[in-house]
Amino acid sequence: MNKKYYVIANFKMNLTYNQTKEYLNNFSTIYKLENQNLYLGFALSPDITSLGQIYKNSNLKIGTQNISEFEKGSYTGECSILNCIDNNINFAIIGHYERKHYFQETLLKINKKISLCQKYNILPIVCVGESLEEFMSGRTIEALESQLLTIKRNLVEKNIILSYEPIYAIGNGKTPEYKHILKVVNFIKTFFNNSIPVLYGGSVNALNINELSKIKSLDGFLVGNASLEYKSFNNLINLIKK
Ligand code: 13P
């Protein structure tokens, strides 16, 4: 692993504050950082980002699964970026499919969130991906291009990571063929003149991570279900071959 490589656990809304605290505590006792180039992150539910304070000076990067597009003010129930800064949050997942689907997150909101992250030096990890229908009708690149164009148009800094997450691969144990992932990852990279890391997310697990990590242009993974048990997740990290 010579280049910087990212592995991000996305716990979604599966673990409570106490469970997350226990997980991170257990994980940090067995985890051995074998490569300085590995950026290992845990995306926590926004209401428990205060755990970030415990890991301020650790090998583990703590992130949030969402932030508000507003900086401050009367926005009842929103996730404040200023609060994330107080809690030493390193990164934010932005525009995950589940946010778009269940919470009507639009590209306009996503762009505002990216700008806010860049203003406050929180690394935005932005999710893009096509639907099953778009994939089946051969419109993957077209679908991706329109999402990327909007992101690129508003981008002021290169401090951003993209994660390719095909909607039909999330949470069901099935990944697209590796050559499809390779094609899309290369497309995204070229779109940004090879200046931005690109991750893959969608049913990454202990059975496929070894093969997936052979995709040279890929810079890492976003892992959902397979990150929820600390020992299995630690094993999964060790299966990455670079
Ligand atoms: P799964 O790994 O459970 O498919 O989730 C992927 C994902 O949504 C990561 O953000």
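None of the values given here were measured: they were computed from a predicted structure.

A.B. asks: Explain the pairing of strand β5 (residues 123–128) to me, please; I cannot follow it from the model alone.
C.D. replies: Looking down a regular strand, the side chains alternate between one sheet face and the other. Counting buried positions over the six residues of β5 gives six, a clear majority of the element. Here β5 shows two buried faces, one formed by L123, I125 and C127 and the other by P124, V126 and V128. Here four bridges tie strand β4 (residues 91–94) to β5, and the two strands are oriented parallel to one another. Paired with A92 across the two strands is P124, which belongs to β5. Alignment of β5 against strand β6 (residues 161–164), held across four bridges, turns out to be parallel. Among the inter-strand pairings, V128 is bridged to a residue of β6, identified as Y164.

A.B. asks: I tried to follow the sheet that holds strand β2 (residues 38–44) on my own but got confused; where do I start?
C.D. replies: Ordered in space as β1-β2-β3-β4-β5-β6-β7-β8, the eight strands form a closed barrel in which the pairing is parallel. Going from strand to strand, the sheet's axes swing by 25° on average, the running direction of each strand aside. In the sheet, β2 pairs with strand β3 (residues 60–64) via five bridges, with the strands oriented parallel. Of the residues in β3, the one forming a bridge with F42 is I62.

A.B. asks: Would you mind going over the site of the ligand with me for this structure?
C.D. replies: Within the structure, the ligand sits among N10, K12, H96, E165, A169, I170, G171, G202, S203, L222, G224 and N225. Contact between the ligand and K12: an oxygen atom at 2.9 Å from a side-chain N or O atom of the residue. In the complex, the protein chains occlude 98% of the 300 Å² of accessible area that the ligand would expose alone. Here the residues of the shell around the ligand are counted per class, giving three nonpolar, seven polar and two charged.

A.B. asks: Just checking my understanding: could you explain unusual backbone geometry for this structure?
C.D. replies: Excluding glycine, most residues fall at negative phi; most peptide bonds, likewise, are trans. Backbone geometry places N88, a non-glycine residue, at a positive phi of 60°. Note on placement: N88 falls in the loop between α2 (81–86) and β4. A positive phi angle, close to 50°, is found at Q104, a residue other than glycine. The topology assignment puts Q104 in the loop between α3 (97–103) and α4 (107–119).

A.B. asks: Got a minute to help me understand the nonpolar core in this structure?
C.D. replies: Across soluble globular proteins, you tend to see nonpolar side chains buried next to one another. Counting 62 residues, the largest nonpolar core has F27, L40, F42, I188, F221 and F233 as the members making the most contacts within it. A per-element tally of this core places helix α7 (residues 178–191) first, with six residues. Excluding its chain neighbours within four sequence positions, the residues that come into contact with F42 are A9, F11, Y23, L24, F27, L60, K61, I62, G63, F91 and F233. Residues Y6, I8, L123 and L199 belong to the second largest nonpolar core, which totals twelve residues.

Parameters and conventions
- Along each chain, residue indices are assigned from 1 in the same order as the chain's sequence is written.
- Predicted model: local features are reported for residues with pLDDT of at least 70 only, side-chain atom pairs are reported and counted for 80 or more only, and whole-chain, interface and lining totals are derived from all residues.
- The side-chain numbers reported here are obtained from all heavy atoms of the structure, hydrogens and water having been left aside.
- Type-normalised accessible area, obtained with a 1.4 Å probe on protein chains alone, sets the label of each residue: buried when under 20%, exposed when over 50%, and partly exposed for intermediate values.
- Only DSSP runs of H or I reaching four residues or more are called helices, and only runs of E reaching two or more are called strands; each is numbered from the N terminus.
- Pairing between strands is defined by DSSP: at least two bridges between them are needed.
- Simply put, an axis is a line fit to the C-alpha atoms, just over the touching stretch for a helix, and the angle between two N-to-C directions goes from 0 to 180 degrees.
- We define proximity as follows: a residue is near a molecule or strand when any one of its heavy atoms falls within 4 Å of that partner.
- Polar contacts, as counted here, are pairs of nitrogen or oxygen atoms within 3.5 Å of one another; within protein the pair requires one atom able to donate a hydrogen and one able to accept it, and residues that are adjacent in sequence qualify only if both atoms are side-chain atoms.
- Only the protein chains shown count as cover for residues, and the accessible areas themselves come from Shrake-Rupley with a 1.4 Å probe.
- Just so you know the grouping, Ala, Val, Leu, Ile, Met, Phe, Trp, Tyr, Cys and Pro go in nonpolar, Asp, Glu, Lys and Arg go in charged, and all remaining residues, Gly too, go in polar.
- Only buried Ala, Val, Leu, Ile, Met, Phe, Trp, Tyr and Cys residues count toward a nonpolar core, and they belong to the same one when joined by side-chain atoms within 4.5 Å.
- The criterion used for residue contact is that any of the two residues' heavy atoms lie within 4.5 Å.

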